[in-house]
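Structural characterization, general
Residues per chain are reported as follows:
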Amino acid sequence: MKCETCGKIATVHLTEIKNGKKIEKHLCEQCAAQSEGLSTKSHMPINELLTNFVMNHGGLATKPQESVACPHCGITWAEFRQSGLLGCEHDYPTFDKEMTPLLKRAHEDAAHHVGKVPTRRGSSGVPVKRTLDAARLRKELARAVETEDYERAAKLRDQIRQAEG
Amino acid sequence: MKLSDLTNQAGEWLRGSGPMSEIVISSRIRLARNVSGYPFLSKSSRHQRNALEKKVRDTILTLQPADHMLYVDLEDAPQVDRDLLVERHLISKPHAAAEGARGVAIGENETVSIMVNEEDHLRIQVLRSGLQLEETWAQINKIDDVLENKLDFAFHPRFGYLTACPTNVGTGIRVSVMLHLPALKLTGEIEKVFRAAKDLRLAVRGLYGEGTEATGDFYQISNQTTLGKTEEEIINDLKHVVIPKIIDYEHQARKMLLTERTVALDDKVQRALGILRTARLIASEETLFLLSHLRVGINLGRVKDVDIRTLNELFLMTQPAHLQKMHGKKLEGDARRAVRADYIRSRLGGN
């Protein structure tokens, strides 16, 4: 396919939906770069693109699960993939299998929280002290893996299992 | 304090001071939180949505997590008030346009805003002028601590703070720095910054966040990853790695313009000032564009008789909702452009 602007080989293919109409553009890399900020023109910020990307890939291996609904809010995985929004806090553990690979794609291969923990008892019912420990251990584990200290990593992994019960 | 009082003053973040303020307009952090026991908004009934809004509103007004909290009920607020809040970066565009029970609490000289029933139950935001990410984090962390005394936030030991969209889960944090990069734009090097930011999994957006275009050479850089890193790590990546580099590039580009393309630079700056001081009808996009050029002129000492504070106020007050609020009536088309041009001339000593 040729670039609409200059006739060179088109490598950037853009589909834009404007007022319900589909507009396709085919450009070469140079013309695409000059066409100031394609991402802003398509009104699709990077994280939305990323979300879409993640959603599209996240579902491939999980077809059989799609009809399972969350017992609390009733959302199915298929419904979530369409809207990009979850229905309630229980969806995360409910769709654990599908969720974890999706989170890894969206968050630089991470699937574990290591940041702030509420000081009050979390809604999960897990005492906060324990979750804090697990979070800290997980961070140490990441560091151990980074420095290739596998002996320590194995030890930490066991401790995390214990901490999480 | 009433909403109408806002129009007469500029928020803290527009003071035009703060570290690196010649390039860094503002530092912003927001935390996404949901209240356990209530479904997320896409699955909330009208009744649940109303009940949650009331619960969160009452909690905020009782706890006063920031000084002088003002709560604005957005379901009842007129369009111009909602637009005004968007222009002041206190609520998002989707929050202004949405329907149903929702609101925003504003406090501490507009550095703090807490959106209720946006995409998540709570979107806590702290916005400060210049590069002040650590101070911003300290402030918002405290507010979050105060709120969690009364609100049981949805949290899971492995997933962290649970959010409606999995792209926010974990810390629920979005750290954004608003940059003014006119020289990198002029020298055509801005694309390099975008590419580098993308490689580092950072988002580049326009003046009003998600889905807005970069106008007037203002760019908002923010993290995408919210899981698997601590809040401090996310902040430090931006503060010590990414932002200083971009600031440095912009400085170099400005220096280059100043030494090698002085006439071209002065031409841009003086033309901008000339139009702003003489125009009789001016659209908001053109205003933003010209004020951007004027800003770099002031920063580089090419314009001496306009101060940065006046300029910042112009950025704010020339926006559609602000102009209409100032005049107390709906203004459209040429009427609005005329009022805008008059205001700018009066502030810049034009004729």
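Look above for the structure.
Residues numbered from 1 in each chain as written. Chains lettered and ligands numbered in written order. Predicted model: local features only at pLDDT ≥ 70, side-chain atom pairs only at ≥ 80, totals over all residues.

**With respect to the overall build of chain A**
- Across its full length, chain A holds eight helices and two strands.
- Each helix (α) and strand (β) of chain A, taken in turn from the N terminus, gives the series β-β-α-α-α-α-α-α-α-α.
- When the 165 residues of chain A are sorted by exposure, 25% land in the buried category. (Helix = DSSP H or I, 4+ residues; strand = E, 2+ residues; numbered from the N terminus. Buried ≥ 20, exposed ≤ 12 C-beta atoms within 10 Å, placed from the backbone.)

**Structural notes on the sheet that holds strand S8 (residues 173-180) of chain B**
Residue and element names in this part refer to chain B.
- Taken in spatial order, the eight strands of this open sheet run S2-S3-S4-S5-S1-S8-S10-S9, and their pairing is antiparallel. The strands lining the two open edges of the sheet, one partner per strand, are strand S2 (70-73) and strand S9 (202-205). Neighbour-to-neighbour, the strand axes of this sheet turn through a mean angle of 20°, independent of strand direction.
- Pairing of S8 with strand S10 (residues 218-223), which is carried by five bridges, proceeds in the antiparallel orientation. Note on S10: the bridge partner recorded for Ser176 is Ser222.
- Sheet strands touched by helix H2 (residues 46-63): S2, strand S3 (103-107), strand S4 (112-116) and strand S5 (122-129). Its angle to S4, the strand with the most contacts, is close to 160°. (Pairing = 2+ DSSP bridges. Axes fitted to C-alpha atoms, helices over the stretch in contact; angles between N-to-C directions. Contact = placed C-beta atoms within 7 Å.)

**Some remarks on the pairing of S4(B)**
All names here are of chain B.
- Burial of S4 is extensive: five of the five residues sit out of reach of the surface.
- Every second residue of S4 is oriented toward a common face, with Val112, Ile114 and Val116 on one face and Ser113 and Met115 on the other, all of them buried.
- Bridging between S4 and S5 involves five bridges; their strand directions are antiparallel. Of the residues in S5, the one forming a bridge with Val116 is Leu122.
- Hairpin geometry of S4 and S5 is characterised by an intervening segment of five residues between the two adjacent antiparallel strands and by a positive phi of about 60° at Asn117.

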